[in-house]
Amino acid sequence: MSWTKKVVVSYHFIDSANDEYFTETKLAFNALLNSEDSSGTFDAGQSHYYWKIENKVDITEGDTFFISLFKEKPSWPVYLNEDEGISAIPITEGSLGELYYCLFNPEARFILTLAAAGGGPVGAFKKFLNEFSKDGSIKLVPLFEDKIDIKTLSWDFYKKLAITVNFPSYDIQSEFMTTKEGSLLGMINELGGLKADITISAPKQKQNLNNAQVKEIAKSLLTYDFCSKLTLRGSDNDGEEIEEFDLKNAQVKYKEMVEITGSYMSMDEALPILKRAFNDRSSDLVHLSE
């Protein structure tokens, strides 16, 4: 059995309030690779995770770790046996879930992520990296075309913030609702929806949105896969020409059509894709992280 999948690799830089995090994480991952078991588990929200430091990859200076991450899912499609009818998927032990892969370089402070079948790997790896953080302060900052994030997030005046969120499941929506940003979208939860388009604007000439709050919300929402649009409209100085950009469409992604031999992308299939994605943007990743 083989099938074709469109693979999307996301590029992010890692931000931590504790500068020692990167040295400590590198030492911890190397110690795990030299031990008998380089895996572990953790729980976040209603989900159980299993991770493994698979090996190190020689693609640039410093240690780059190839990591797999499994996220258990509490609900799945039903199983049909025409003789017995519809029932739960017959699993006697273990669990079903989503599988993600990444390349993580603590020294260059970048991470490349992809999904083996479906789901959102960025949020899952953010939770994983925070497991090794003393203060849980890890944030993932996307790589943007033409540094458009620096331009828009340094504006002094904002006239509009428009976002689109499209949750793939109620489980992911429930996790998001526990965050500060999630509390701002309480209506979608109350109404039982999974998608919302929200626009907040200051239409009058002398009106502007709250600068600090716009920046805080925008920076937070950029890290979520289910946020498919994040448009900012504003300018550097009052009276200057107003500009508008969708930061989500400006994020750098590597895309490739790949033939998968099994029911999901194996480790041997994922690693070459991640390497090609790194090579495609290596100058940006290494140069910008210096």
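As a starting point, this report considers the structure included with it. Since the model is a prediction, treat every value here as computed from it, not as a measurement.

Each value, and the rule that gives it
- Residues numbered from 1 in each chain as written.
- Predicted model: local features only at pLDDT ≥ 70, side-chain atom pairs only at ≥ 80, totals over all residues.
- Heavy atoms only, no water.
- Pairing = 2+ DSSP bridges.
- Helix = DSSP H or I, 4+ residues; strand = E, 2+ residues; numbered from the N terminus.
- Expected span 1.5 Å × (residues − 1).
- Buried < 20%, exposed > 50% of the residue type's maximum accessible area, 1.4 Å probe, protein only.
- Arc of directions from axis to C-beta.
- Contact = heavy atoms within 4.5 Å.
- Axes fitted to C-alpha atoms, helices over the stretch in contact; angles between N-to-C directions.
- Patch = residues over 30% accessible without salt bridge, like charges linked within 9 Å, V, L, I, M, F, W, Y side chains within 5 Å.
- Areas by Shrake-Rupley, 256 points an atom, 1.4 Å probe, with all protein chains shown as cover.
- Salt bridge = Lys/Arg side-chain N within 4 Å of Asp/Glu carboxyl O.
- Lys, Arg positive; Asp, Glu negative; His and termini not counted.
- Charge placed at Lys NZ, Arg CZ, Asp CG, Glu CD.

### Some points on the pairing of strand β12 (residues 227-235)
Step number 1: In the sheet, strand β10 (residues 157-166) pairs with β12 via eight bridges, with the strands oriented antiparallel. Paired with valine 165 across the two strands is cysteine 227, which belongs to β12.
Step number 2: Pairing analysis gives four bridges linking β12 to strand β13 (residues 243-246), with the strands arranged antiparallel. Counterpart to leucine 232 in the pairing with β13 is phenylalanine 245.

### A word on helix α1 (residues 21-33)
Step number 1: Helix length check: α1, at 13 residues, gives a terminal C-alpha distance of 18 Å against a target of 18 Å (1.5 Å per residue), a fit within 8%.
Step number 2: Every buried residue of α1 is listed here: Tyr21, Phe22, Thr25, Phe29, Asn30 and Leu32. The buried residues of α1 occupy an angular sector of 155 degrees when the element is viewed end-on, so they sit on one face.
Step number 3: Looking at the buried positions of α1, the neighbouring elements they touch are β1 (3-15), β3 (47-57), β4 (64-72), β7 (97-105) and α2 (121-130).

### Some details on the sheet that holds β13
Step number 1: One open sheet accounts for four strands, arranged β11-β10-β12-β13; its pairing is antiparallel. Edge positions in the sheet fall to β11 (195-201) and β13, since each has one partner strand and no second. Averaged over all pairs of adjacent strands, the angle between their axes in this sheet comes to 10 degrees, without regard to strand direction.
Step number 2: One ladder, built from seven bridges, connects β10 with β11; its direction is antiparallel.

### A look at a negative patch on the surface
Step number 1: On the surface, Asp156, Asp236, Glu240 and Glu241 cluster together to form a negatively charged patch.
Step number 2: Within the fold, glutamate 241 resides in the loop between β12 and β13.
Step number 3: Overall, the relative accessible area of 67% leaves glutamate 241 in the exposed class.

### Section: the pattern of salt bridges
Step number 1: Inspection of the entire model under this criterion finds 13 salt bridges.
Step number 2: For the salt bridge of glutamate 145 with arginine 281, the shortest nitrogen-to-oxygen distance reads 2.8 Å. Of the two residues, glutamate 145 sits in the loop between β9 (139-142) and α3 (148-152) while arginine 281 sits in helix α8 (residues 267-289), which places them 136 residues apart along the sequence.
Step number 3: Residue class for glutamate 145 comes out partly exposed when judged on its relative accessible area of 33%.
Step number 4: For the salt bridge of glutamate 244 with arginine 233, the shortest nitrogen-to-oxygen distance reads 3.5 Å. Taken together, the positions of glutamate 244 in strand β13 and arginine 233 in strand β12 put the pair 11 residues apart, joining distant regions of the chain.
Step number 5: Overall, glutamate 244 belongs to the partly exposed group, its relative accessible area being 36%.

### Topic: the environment of leucine 221
Step number 1: Relative to the assigned elements, leucine 221 resides in helix α7 (residues 211-221).
Step number 2: Sequence-wise, leucine 221 and alanine 31 are 190 residues apart; in three dimensions their C-alpha atoms are separated by 34 Å.
Step number 3: Leave out the neighbours within four places in its chain, and leucine 221 touches Ile163, Phe176, Glu181, Cys227, Leu230 and Lys248.

### Considering the environment of valine 122
Step number 1: Mapping valine 122 onto the fold places it in helix α2.
Step number 2: The exposure class assigned to valine 122 is buried, which follows from its relative accessible area of 1%.
Step number 3: C-alpha of valine 122 to C-alpha of valine 9: the two residues are 113 residues apart in sequence and 9.8 Å apart in space.
Step number 4: Excluding residues within four positions of it along the chain, valine 122 makes contact with Ser10, His12, Thr113, Leu140, Thr223 and Asp225.

### What about a nonpolar patch on the surface?
Step number 1: Nonpolar side chains collect at one region of the surface, where Trp76, Tyr79, Ile89, Ile91 and Leu96 lie side by side and expose about 400 Å² of accessible area between them.
Step number 2: Relative to the assigned elements, leucine 96 resides in the loop between β6 (85-87) and β7.

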